[in-house]
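# Understanding the architecture of this molecule
Next come the chains, spelled out residue by residue.
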Amino acid sequence: MASVLAIFVALRHNRTRETRVKSGAMHAPDFTLQTIDGTAVRLSDYQGKVILLDFWATWCAPCKQEIPWFIEWQKRYGDQGLQVIGLSLDDTAEPAQKFAHSIGINYPVALANEDVANRYGGILGVPVNLVIARDGTIVAKYVGETTPAKLEQELILQLKQAK
Amino acid sequence: MRATNSKSVLTRIVSVAFLLSFSHTLHAQWSQSQPQLATMLSSSVLIQPAELAQTLRAGKNKPLIFNVGPRMMYVQAHIPGAEFIGAGSDPDTITRLKTRVWSLPKKSAIVLYCGCCPWDRCPNVAPAYTTLQKLGFTNVKVLYIAENLGADWVYKGYPTASGNQ
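Everything numeric in this text was worked out from a predicted model, so none of it was measured.

In terms of regular secondary structure, chain A is built from 5 helices and 8 strands. Counting helices and strands in the order they occur from the N terminus, chain A gives α-β-β-β-β-α-β-α-β-α-β-β-α. Residues counted as buried form 39% of the 163 residues belonging to chain A. Look at the contacts in chain A between residues 6 or more apart in sequence, and 70% of them connect residues 24 or more apart.

As C-alpha cells, this is what we get:
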C-alpha cells in the first residue's frame, strides 16, 4: 500500500503549469543587477524587445534542462528582437557561473535578489519563466516545467507584434 | 604444463577480481554523484501541509522545523519558526545540519521542508532526511510539497513569515 501511494505521489507531479496573465497585466518591474561576469544588466535597456525572463537555479534539474532551448532560441530569434535574461536563485555566483560557462549560455545571467523576486510577485518555486512583450507588459508566466513548444509559440507570437 | 595452466587460471582470477572491484568503485562513485530525489522517501515519513498547518495553529506540540531549501526562497516566505539550514543538496548544508542537531535528543520531533520545485524533482529534502536517519533520529517527518512552496503552502493561506531568521 505504501508503495502504491509512493508511486501515485511520484506520478502526480510531473506536469507543467502555465498561468497566462490576463490583458491589462502589469508592467514588468525594472531592475538592475550584476551579472555573473561582473557587468550590469538593466531590464529597461531592452525596451522594445521581447524578453524571456528565466528564474532558475543550478540545483534545479528542470531549470537546467530548459536552458539549452533558451540558448538555441537566443541564437535563432535574437535578430528578431528576442532577449533572454537568466536570474539565478543560487546563493552565490560561482555555481551559476560555472554552469553557464560549461553549457555556453549566450545571454545575461545575474543573481536574483529578494527585492526583484518580490516585485515579480514572489518566486516561491523554480523554474519560473515570464514572457515580456515589446511594450514591457508581462503577457505570460510559466511556473514549473514548461512544454518547450508552448513557450516557443508564445515567444514567436510576441515577436510578430509591432515594435 | 600444469604449472603454466595454474598460472593462467590464477591470472584470470586476479583479472576478474580486479575488474569487479573497479566496476564496484565506479558504480559507487556514480551513485554518489546522482542527486537523492524526494521520491526516494517512504510515504510513511511524509506530513501533509494541512496537517502541519493545523499543528502550528493549535500552538501545542510544535516540532522543530528546518528549512533545507534555498535562502532566496526562505527570505521571501517561510513557515514561522522554521530555521534556515540551507539547500540539502549542498554538502555544507549537511555539515550545518549535523552541527545543529548534535545536542538534540534522538526522539525530537523534527519536520524538514524545501518547496523549491515539484516533489519528484526536489534534490534537497532526501539528503537531509537520510542524514538525520543515520544519526539515529526517529521522529523526523518531511513536509510533502507537491509543486512548490507558493502553490502548496503560501497561496493556500497557511502560516507564513518572511525575512531572515
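Next, the rest of the story.
With 25 residues of chain A at the interface, the matching set in chain B holds 28 residues. Looking at the side of chain A that touches chain B element by element, the count peaks at 6 residues for helix α1 (residues 2-12) of chain A. Counted by class, the side of chain A that touches chain B contains 16 nonpolar, 6 polar and 3 charged residues.

Once that is clear, we can look at the sheet that holds strand β4 (residues 110-113) of chain B. Residues and elements named next belong to chain B. The sheet built from 5 strands is open, its strands ordered β1-β5-β4-β2-β3 with parallel pairing. With partners counted over all chains shown, the strands left at the sheet margins are β1 (46-47) and β3 (83-84), one partner each. In this sheet, strand β5 (residues 140-143) lies alongside β4 in parallel orientation, the contact comprising 3 bridges. Within β5, the residue paired with Val-111 across the bridge is Lys-141.

Let us now look at the packing of helix α2 (residues 61-77) of chain A against helix α5 (residues 148-160) of chain A. All names here are of chain A. The N-to-C vectors of α2 and α5 enclose an angle of 25°; their axes lie 12 Å apart at closest approach. Classed by the angle they form, the pair α2 and α5 counts as roughly parallel. Taken as a pair, α2 and α5 cross one another with a handedness that is right-handed. In contact with Trp-69, Trp-73 and Tyr-77 of α2, α5 contributes Pro-148, Glu-152, Leu-155 and Leu-159. Split by residue class, the contact of α2 with α5 holds 6 nonpolar, no polar and 1 charged.

Attention shifts here to α5 of chain A. Residues and elements named next belong to chain A. When the terminal C-alpha atoms of α5 are compared, their 18 Å separation across 13 residues agrees well with the 18 Å that a helix rising 1.5 Å per residue should span. Taken together, the buried positions of α5 are occupied by Leu-151, Glu-154, Leu-155 and Gln-158. Projected onto a plane normal to the axis of α5, the buried residues spread over an arc of 95° and lie on a single side. Residues of α5 that are exposed and angled more than 90 degrees away from the buried face: Ala-149, Gln-153 and Lys-160. Buried-residue contacts for α5 involve β4 (50-56), α2, β5 (82-88), β7 (128-132) and β8 (138-143).

Turning our eyes to something else, we now look at the packing of helix α4 (residues 91-101) of chain B against helix α5 (residues 125-134) of chain B. All names here are of chain B. Running from amino to carboxyl end, α4 crosses α5 at an angle of 40°, the nearest separation of the two axes being 10 Å. Looking at the two axes, α4 sits oblique to α5. Relative to α5, the crossing made by α4 is right-handed. Of α5, the residues touching α4 (which contributes Ile-94, Leu-97, Lys-98 and Val-101) are Pro-127, Ala-128, Thr-131 and Leu-132. Here the residues of the contact of α4 with α5 are counted per class, giving 6 nonpolar, 1 polar and 1 charged.

Okay, unusual backbone geometry next. Peptide bonds are, in most cases, trans, and in most cases residues other than glycine have a negative phi. Cis geometry marks the peptide bond from Val-126 of chain A to Pro-127 of chain A; its omega dihedral reads 0°. The residue Pro-127 of chain A is located in the loop between α4 (114-119) and β7 in this model. Not every positive phi belongs to a glycine, and Asn-61 of chain B is a case in point at roughly 55°. Structurally, Asn-61 of chain B is set in the loop between α2 (49-58) and β2 (64-67).

When pLDDT is averaged across chain B, the result is 89; 89% of the residues are at 70 or more. As a predicted assembly, this complex carries a pTM of 0.81 together with an ipTM value of 0.78.

This part covers helix α3 (residues 93-103) of chain A. All names here are of chain A. Among the residues making up α3, those that are buried are Ala-96, Gln-97, Phe-99 and Ala-100. Lining the buried residues of α3 we find β5 and β6 (109-111). Directly beyond the C-terminal end of α3, a positive phi value near 80° is found at Gly-104.

So, on to the nonpolar core. Core analysis: the largest hydrophobic core is formed by 85 residues, its most contacted members being Ala-112, Ile-123 and Val-126 of chain A together with Leu-112, Tyr-113, Val-125 and Tyr-129 of chain B. With near-sequence residues (within four places) excluded, Ile-123 of chain A lies in contact with Phe-55, Leu-89, Ala-112, Ala-117 and Val-128 of chain A together with Gln-76 of chain B.

Turning our attention to the pairing of β5 of chain B. A regular strand places its side chains on the two faces of the sheet in alternate fashion. The alternating pattern of β5 of chain B places Val-140 and Val-142 of chain B and Lys-141 and Leu-143 of chain B on opposite faces, both of which are buried. Viewed along the sheet, the connection from β4 of chain B through α5 of chain B into β5 of chain B turns out right-handed.

What follows deals with the environment of Ser-43 of chain B. Note that Ser-43 of chain B resides in the loop between α1 (2-33) and β1. With 101 residues separating them along the chain, Ser-43 of chain B and Tyr-144 of chain B place their C-alpha atoms 9.0 Å apart.

Rules and cut-offs
Per chain, residue numbering runs from 1 following the sequence as it is written. Numbering of ligands from 1 and lettering of chains from A proceed in the order in which they are written. Predicted model: local features are reported for residues with pLDDT of at least 70 only, side-chain atom pairs are reported and counted for 80 or more only, and whole-chain, interface and lining totals are derived from all residues. Per the convention used, a helix needs a DSSP run of H or I reaching at least four residues, while a strand needs a run of E reaching at least two, with both numbered from the N terminus. The burial label depends on the number of other C-beta atoms within 10 Å of a residue's C-beta. Counts of 20 or more mean buried, 12 or fewer mean exposed, and intermediate counts mean partly exposed, with C-beta atoms placed from the backbone. Note on contacts: residues are paired as contacts if their backbone-placed C-beta atoms lie within 7 Å. Residue polarity follows a fixed list, in which Ala, Val, Leu, Ile, Met, Phe, Trp, Tyr, Cys and Pro are nonpolar, Asp, Glu, Lys and Arg are charged, and the others, Gly among them, are polar. Two strands are counted as paired when DSSP detects at least two bridges linking them. The axes are straight lines fitted to the C-alpha atoms, using for helices just the contacting stretch, and the angles between their N-to-C directions are given from 0 to 180°. The cut-offs work like this: below 35 degrees is roughly parallel, past 145 is roughly antiparallel, 65 to 115 is roughly perpendicular, and the gaps in between are oblique. Less than a right angle of anticlockwise turn of the near helix away from the far helix marks a crossing as left-handed, whereas a clockwise turn marks it as right-handed. Here the expected span of a helix is defined as 1.5 Å times the quantity of residues minus one. Directions from the helix axis toward the C-beta atoms define the arc. The quantity known as pLDDT measures the predictor's confidence residue by residue, on a range of 0 to 100. For this analysis, nonpolar core means a set of buried Ala, Val, Leu, Ile, Met, Phe, Trp, Tyr and Cys residues linked through C-beta atoms within 7 Å. The crossover handedness rule: strands pointing away from the viewer, path from first strand over the helix to second strand clockwise, crossover right-handed.

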